[in-house]
Amino acid sequence: MEIKFWIEKNWGGSIDLAAVPEVIASFDEIKLSDNQQAAFWIGCHDEEYVLKIQKDQTLSFIYGENQDLELKVISRSWDEISSLTSLFMKGQFVLLQAQISKLTSDMAGQK
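Since the structure is predicted, the reported quantities are computational estimates derived from the model, not experimental observations.

> Which residues make up the pattern of salt bridges, and what are the values?
A full pass over the atoms with the stated rule returns two salt bridges. Put simply, Glu29 and Lys9 hold a salt bridge, and the shortest N to O gap is 3.3 Å. Taken as a pair, Glu29 in helix H1 (residues 20–32) and Lys9 in strand E1 (residues 5–9) lie far apart in primary sequence, 20 residues in all. Among the residues examined, Lys9 registers a relative accessible area of 11% and is labelled buried. The residue Glu80 makes a salt bridge to Arg76 at a minimum N-O spacing of 2.8 Å. Among the residues examined, Arg76 registers a relative accessible area of 49% and is labelled partly exposed.

Here's what the structure looks like:
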């Protein structure tokens, strides 16, 4: 089964059937944005999963029956966010959740 995604950008614009090229373009736009509050969301049409990516490199994985659960990590790099986003786009939601949890606990241990 093919997974279908959407993108919503807080600087304007949305894409109903988004694929990897649109995600890459959104990354390029957010990196170049002067707006420190810039963010975009990638959502799965058929599942209860949303990924929020912010200009300050905060990544949030929103999930749950009512999208009421959230894992959040402040990433060390755009490459790391890209890698996590790739898991999301491949539909590897359980692995993504585990990776974010690990990053969160690793960062907590560094403090």
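So that's the structure; there's more coming.
> Mind laying out the packing of aromatic side chains, listing which residues take part and the relevant values?
A complete count under the given rule lists nine aromatic pairs for this structure. With a centroid separation of 6.0 Å and an interplanar angle of 85 degrees, the aromatic rings of Phe27 and Trp78 are classed as edge-to-face. Placement of the pair is Phe27 in helix H1 and Trp78 in helix H2 (residues 78–89), with a sequence separation of 51 residues. Overall, the relative accessible area of 7% leaves Phe27 in the buried class. For Trp78, a relative accessible area of 18% corresponds to the buried category.

> Please give an account of H2 that cites residues and values.
Relative to the 16 Å expected for twelve residues at 1.5 Å per residue, H2 spans 16 Å between its end C-alpha atoms, a close match to the ideal helical length. Within the span of H2, buried status applies to Trp78, Glu80, Ile81, Leu84, Thr85, Leu87, Phe88 and Met89. Downstream of H2 by one or two residues, Gly91 has phi in the positive range, about 80 degrees.

Criteria and cut-off values
- Residues numbered from 1 in each chain as written.
- Predicted model: local features only at pLDDT ≥ 70, side-chain atom pairs only at ≥ 80, totals over all residues.
- Heavy atoms only, no water.
- Salt bridge = Lys/Arg side-chain N within 4 Å of Asp/Glu carboxyl O.
- Helix = DSSP H or I, 4+ residues; strand = E, 2+ residues; numbered from the N terminus.
- Buried < 20%, exposed > 50% of the residue type's maximum accessible area, 1.4 Å probe, protein only.
- Phe/Tyr/Trp six-rings, centres within 6.5 Å; stacked < 30°, edge-to-face > 60°.
- Expected span 1.5 Å × (residues − 1).

These figures come from the coordinates and say nothing about function on their own.
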